[in-house]
Amino acid sequence: MEKLKIAGAWSGVLEIELQVWTVCMLREEVAKRANCGPESINLIWSGKRLKDDNPKLVELGIKNNGKILATRVCSDQGKSLKEEFMAEEERSTRLARVKAAAIALSKRHADGSLPVEDFNIELEDQSGQKVHLGSETDQRAVMMGLMLHANAKQLIKKENYKDALEVLSMGEEAFSLCNTKVIELVDNVPILQIDMVWCYFMLRDIRWLSEAGIRLAKAREGIERSHGKDASRVRILQSGRYPELALHLRLELLEGVVSFHSGQIEKSKKMLTSAHAKYLQVPDDALSFLLSMGYKERNSKRALRMSNQQIDLAIDFLDEEKAKKAKKQEEDIQRRNEIMEQKNYGVTPLKKAVDLSKLHMLVSIGFEKELAAEALRRSENDTQKALDDLTNPETNSAIQLDIESRKRKRQRQATESAIEELTSMGFDRSEVVAAVQTFGIKEQALNALLGTAERNPTAPDNNNNVNSIPSGSMSDHANLGSLSEESEGDAGGPSSANKEEDEQRDLEMEDELADDLRNGDAFSDYDIEVTKEGEAINEYLALLASAHKK
């Protein structure tokens, strides 16, 4: 028998056989003597933690009269560390997904490619007018920055300031890819800087103090450049309203906080006093008046904040926003219809959508719509080249033949799809083929197979071999196959390309980013409740007063 000297959670000498005992046996013995479970004991020898991989103690080099340190740990410590690690890994994965989805969306929607979704992301100014900022690279950078900023704002609302900071940093990186002269025209970057410092403040992390000061200086410079001196430019653009007040309040509060912690007491007092003067709670009487007129509480509070508590301006704001919302809904429906129409025409060799404005121009001078669309698709939306092809009898005929060929292929694919779907339900294949050929529509073919349908008089009378699949014998019916999904590959149609892209897309995260944009509007960046800001102003004014007394 050999002896081991144990110290720590239990102290004493154990007589054991080094040739027989394993780490697991030793741990159980020490745990029993320490009145705890084996999972609560760590064994350390020569600075190394012994693991339960069942080697004999002698194999580890442990000798007679060896010294073992036994430490006691919380039974949940290992579990909690693992959970913490997994949570951090999950967080990192999610942030990576956010960035990847923003890159993918901005790429698809900035370069004129045919959207794979039923919506299109476009840049607008505060009046809702479409804008084009700089080059395609600039457009993509701004789109990506705005998407990430919108997502970060949702995280801020949930008080998840740590993740919000990460996403804001991604947004800052995206905006940095844009031409400086282009990005200086808008206030999005200064607002992002303010939001980043707000996250620093809410996390109460003093390590960010010096960086916060630099960011706020850049934010003030950008705000003054885009809003004008004393917000004069905003006042003109917003017809005398005050949408920027809450944003300026937050900026001055943060400047006051940074100045206070930097020892600049006078500057801190100046900034905090100015912020306090802008801190106006929504008056109960004004809110009650708007509610009595039928406006919703949230919209009423927002309108009063945007209008510096002036009821007449608030009412105008509410009515204008209602009209803008209705117009936006109509435009969204129209755009969805346009996207579906563009999908029917397929994509150009460079994967762009057919330009509908150019298509309408060609149709207006007498060309058949489908023919004109195909000419534009082939010519990469070059109107003159498309016109030359349409007026050339030889190329015009070739285009028509190509269109008919693709139609037959789409119809054949739709027929095959219907047959496969009905066959998968358990019907005999020959009966399915006959029913589809006879009735022409999947639903009626299904009813026939169930014994409840009447023959479709418009369906072709085809009594040939029921196992054959006719080419061109089916009508173009939506239920048998969407043209946007079944366009021919060589026509640039989205069928195979979109299926491959869908497999690679992170649909969940892309939908989340799209929803963040959809739920926002031109005034989202300025719509700040300022309750927390008011509390912080009072807190730091009190600290200043206390410091002054000393």
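Residues numbered from 1 in each chain as written. Predicted model: local features only at pLDDT ≥ 70, side-chain atom pairs only at ≥ 80, totals over all residues. Heavy atoms only, no water.

### A short note on the overall build of the protein
- The helix and strand inventory of the protein stands at 23 helices and 5 strands.
- Of all 550 residues assigned to the protein, the portion counted as buried reaches 42%.
- Intrachain contacts of the protein at a sequence separation of at least 6 include 64% that bridge at least 24 residues.
- In the form shown here, the protein has an accessible surface area of approximately 29,700 Å², with 50% of it arising from carbon and sulfur atoms. (Helix = DSSP H or I, 4+ residues; strand = E, 2+ residues; numbered from the N terminus. Buried < 20%, exposed > 50% of the residue type's maximum accessible area, 1.4 Å probe, protein only. Contact = heavy atoms within 4.5 Å. Areas by Shrake-Rupley, 256 points an atom, 1.4 Å probe, with all protein chains shown as cover.)

### So, the packing of aromatic side chains
- Taken as a whole, this structure holds 4 aromatic pairs when the rule is applied.
- An angle of 85 degrees between the planes, with centres 5.5 Å apart, marks the rings of Phe260 and Tyr540 as edge-to-face. With Phe260 in helix α9 (residues 245-261) and Tyr540 in helix α23 (residues 531-549), the pair connects residues that are 280 residues apart, well separated along the chain. For the pair formed by Phe260 and Tyr540, the shared burial category is buried.
- Joined through ring pairs, the aromatic side chains of Trp198, Phe201, Phe260 and Tyr540 make up one cluster.
- Over the face of the ring belonging to Phe201 we find Arg204, whose NZ or CZ atom lies 4.3 Å from the ring centre.
- Here the basic side chain of Arg250 rests over the ring of Trp198, its NZ or CZ set 4.3 Å away from the ring centre. (Phe/Tyr/Trp six-rings, centres within 6.5 Å; stacked < 30°, edge-to-face > 60°. Lys NZ or Arg CZ within 6 Å of the ring centre and 35° of its normal.)

### Structural notes on unusual backbone geometry
- Backbone geometry places Asn308, a non-glycine residue, at a positive phi of 55 degrees.
- Within the secondary structure, Asn308 sits in the loop between α12 (297-306) and α13 (311-345).
- Look at Asn308 and you get partly exposed, because its relative accessible area is 24%.
- Notably, Glu380 is not glycine yet its phi reads approximately 60 degrees, a positive angle.
- Summarising the element assignment, Glu380 is placed in the loop between α15 (369-378) and α16 (383-391).

### Examining helix α7 (residues 209-227)
- In a regular helix each residue adds 1.5 Å, so 19 residues correspond to 27 Å; α7 covers 26 Å between its end C-alpha atoms and thus fits that length.
- Along α7, the residues classified as buried are Ala212, Arg215, Leu216, Ala219, Gly222, Ile223, Ser226 and His227. For α7, the angular spread of buried residues about the axis comes to 135 degrees, placing them on one side. Turned more than 90 degrees from where α7 packs its buried face, Ser210, Ile214, Lys218 and Glu221 sit exposed.
- Elements in contact with the buried residues of α7: α4 (161-176), α6 (188-203), α8 (232-237) and α9.
- Immediately downstream of α7, the backbone of Gly228 shows phi near 90 degrees, a positive value. (Expected span 1.5 Å × (residues − 1). Arc of directions from axis to C-beta.)

### Regarding the pairing of strand β3 (residues 41-45)
- With 4 of 5 residues buried, β3 is to be regarded as a mostly interior element.
- As paired elements, β3 and strand β5 (residues 66-72) share 4 bridges and run antiparallel to each other. Within β5, the residue paired with Ile41 across the bridge is Arg72.
- Where β3 meets strand β4 (residues 48-49), 2 bridges bridge the pair, whose relative direction is antiparallel. Paired with Trp45 across the two strands is Lys48, which belongs to β4.
- Between the end of β3 and the start of β4, which pair antiparallel, lie 2 residues, with Ser46 showing a positive phi angle near 55 degrees. (Pairing = 2+ DSSP bridges.)

### Some remarks on the pattern of salt bridges
- Applying the stated criterion across every chain yields a total of 40 salt bridges.
- Between Lys328 and Asp332 there is a salt bridge whose closest N-O contact spans 3.1 Å. Taken together, the positions of Lys328 and Asp332, both in helix α13 and 4 residues apart, correspond to about one turn of that helix.
- The class of Asp332 is partly exposed, set by a relative accessible area of 30%.
- Among the salt bridges present, the one from Glu374 reaches Arg406, with a minimum N-O distance of 3.0 Å. (Salt bridge = Lys/Arg side-chain N within 4 Å of Asp/Glu carboxyl O.)

### Thoughts on the packing of helix α3 (residues 136-157) against α6
- Interaxial distance between α3 and α6 falls to 11 Å at its minimum, and their mutual angle equals 30 degrees. As the angle between them shows, α3 and α6 are arranged roughly parallel. Relative to α6, α3 is oriented so that their crossing is left-handed. Residues Leu146, His149, Lys153 and Ile156 of α3 form the contact with α6, whose participating residues are Asn188, Ile191, Leu192, Asp195, Trp198 and Cys199.
- Of the residues in the contact of α3 with α6, the class split is 6 nonpolar, 2 polar and 2 charged. (Axes fitted to C-alpha atoms, helices over the stretch in contact; angles between N-to-C directions. Parallel < 35°, antiparallel > 145°, perpendicular 65-115°, else oblique. Left-handed = near helix turned anticlockwise from the far one by under 90°. Nonpolar A, V, L, I, M, F, W, Y, C, P; charged D, E, K, R; others polar.)

### Details of α16
- Buried within α16 are the following residues: Thr383, Ala386, Asp389 and Leu390. All buried residues of α16 lie within an arc of 125 degrees about the axis, which places them on one face of the element.
- Where the residues of α16 are buried, they touch α14 (356-364), α15 and α17 (393-423).
- You can read the cap of α16 off the contacts: a side-chain oxygen lies 3.1 Å from the backbone nitrogen of Gln384, and it is on Asp382. (Polar contact = N/O pair within 3.5 Å; in protein donor to acceptor, adjacent residues only side chain to side chain.)

### Observations regarding the confidence of the model for the protein
- Predicted confidence across the protein gives a mean pLDDT of 80, with 84% of residues reaching 70 or more.
- Predicted confidence in the protein is weakest over helix α20 (residues 483-486), with a mean pLDDT of 31, and strongest over α6, with 94.
- Note that residues 453-500 has pLDDT below 50 and, in this model, 94 contacts with residues that lie over four places away or in other chains. (pLDDT = per-residue confidence, 0-100.)

### Thoughts on the sheet that holds strand β1 (residues 2-8)
- Reading across from one edge, β2-β1-β5-β3-β4 is the order of the 5 strands in this open sheet, with mixed pairing throughout. If you trace the sheet from one side to the other, it starts and ends with β2 (12-16) and β4, each paired once.
- Where β1 and β2 come together, 5 bridges link them in antiparallel fashion. Across the sheet, the residue bridging to Lys3 is Glu15, located in β2.

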